[in-house]
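In case you want the letters, here they are:
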Amino acid sequence: EIRDGPSPRPGESMIRKMIMVLGMCVSLSVGPTFAEDFTLQSAPPVVVKSLPESGTQAVPVTTKEIRVVFSKPMKLGTWSWAMVSKESFPALTGKPRFLDDGKTCILPVKLEAGKTYSVLVNTQKLTGFQDEAGTPAMPYLIIFETAK
């Protein structure tokens, strides 16, 4: 096998695959929807905030939930918290739920120390997160590491 540059670190090839898949999802989802009448209201919902924030290191192991906030009110009672891999998906301690604002969804979790976690919010095939009109949210990757 011939490589350009140094060998990937453990897990790096998985991250590269995730980025490539998400890139394809975004280009497939967004490409045909852009039009002259494309507005904030007609656009698909997007994640505007996640807790923990994607890319965060040293997340306290005492963190009890993953939280996403969308750009607009969502259809309540339906979601797609998807696995990148079984090993990187957190143990669940309850069912997902929306807050009263209709934009914030909480996934109750139990985290382990010194571990990398990754969770997808929607995918090209899993589109449970939808706005009130039924438009699926753009896929979003949450990835973070817990403190040791």
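Look up a bit, the structure's there.
The structure reproduced in this document is the subject of the present report.

Reading the values: rules and limits
Residues numbered from 1 in each chain as written. Predicted model: local features only at pLDDT ≥ 70, side-chain atom pairs only at ≥ 80, totals over all residues. Heavy atoms only, no water. Salt bridge = Lys/Arg side-chain N within 4 Å of Asp/Glu carboxyl O. Helix = DSSP H or I, 4+ residues; strand = E, 2+ residues; numbered from the N terminus. Buried < 20%, exposed > 50% of the residue type's maximum accessible area, 1.4 Å probe, protein only. Pairing = 2+ DSSP bridges. Axes fitted to C-alpha atoms, helices over the stretch in contact; angles between N-to-C directions. Phe/Tyr/Trp six-rings, centres within 6.5 Å; stacked < 30°, edge-to-face > 60°.

Some remarks on the pattern of salt bridges
Then step 1. Counted according to the given criterion, the structure contains two salt bridges.
Then step 2. Of the charged contacts in the structure, one is a salt bridge between Glu-65 and Arg-67, with a shortest N-O distance of 2.6 Å.
Then step 3. Of the charged contacts, one joins Lys-72 and Asp-131 as a salt bridge, the two residues approaching to 3.6 Å between their closest N and O atoms. With Lys-72 in the loop between strand S2 (65-70) and strand S3 (81-83) and Asp-131 in the loop between strand S7 (116-121) and strand S8 (140-145), the pair connects residues that are 59 residues apart, well separated along the chain.
Then step 4. Here Lys-72 falls in the buried class, since its relative accessible area comes to 12%.

Section: the sheet that holds S8
Then step 1. One open sheet holds the three strands; their spatial order is S3-S7-S8, and the pairing between them is antiparallel. Each edge of the open sheet is held by one strand with a lone partner, namely S3 and S8. Put simply, the sheet's adjacent strands are angled 35° from each other on average, direction ignored.

Considering the pairing of S7
Then step 1. Counting buried positions along S7 gives five out of six residues, so the element sits mostly inside the fold.
Then step 2. For S3 and S7, the ladder comprises three bridges, and the chain directions are antiparallel. Looking at S7, one finds that Ala-82 is bridged to Leu-120.
Then step 3. The pairing of S7 with S8 spans six bridges and is classified as antiparallel. Pairing of Val-119 across the sheet is with Ile-142, part of S8.

Details of the packing of aromatic side chains
Then step 1. Within this structure, the stated rule accounts for five aromatic pairs.
Then step 2. Where Trp-79 meets Phe-98, the ring centres are 6.3 Å apart and the plane angle is 40°; that geometry is what we call tilted. Of the two residues, Trp-79 sits in the loop between S2 and S3 while Phe-98 sits in strand S5 (residues 97-98), which places them 19 residues apart along the sequence.
Then step 3. When its relative accessible area of 29% is taken as the criterion, Trp-79 is described as partly exposed.

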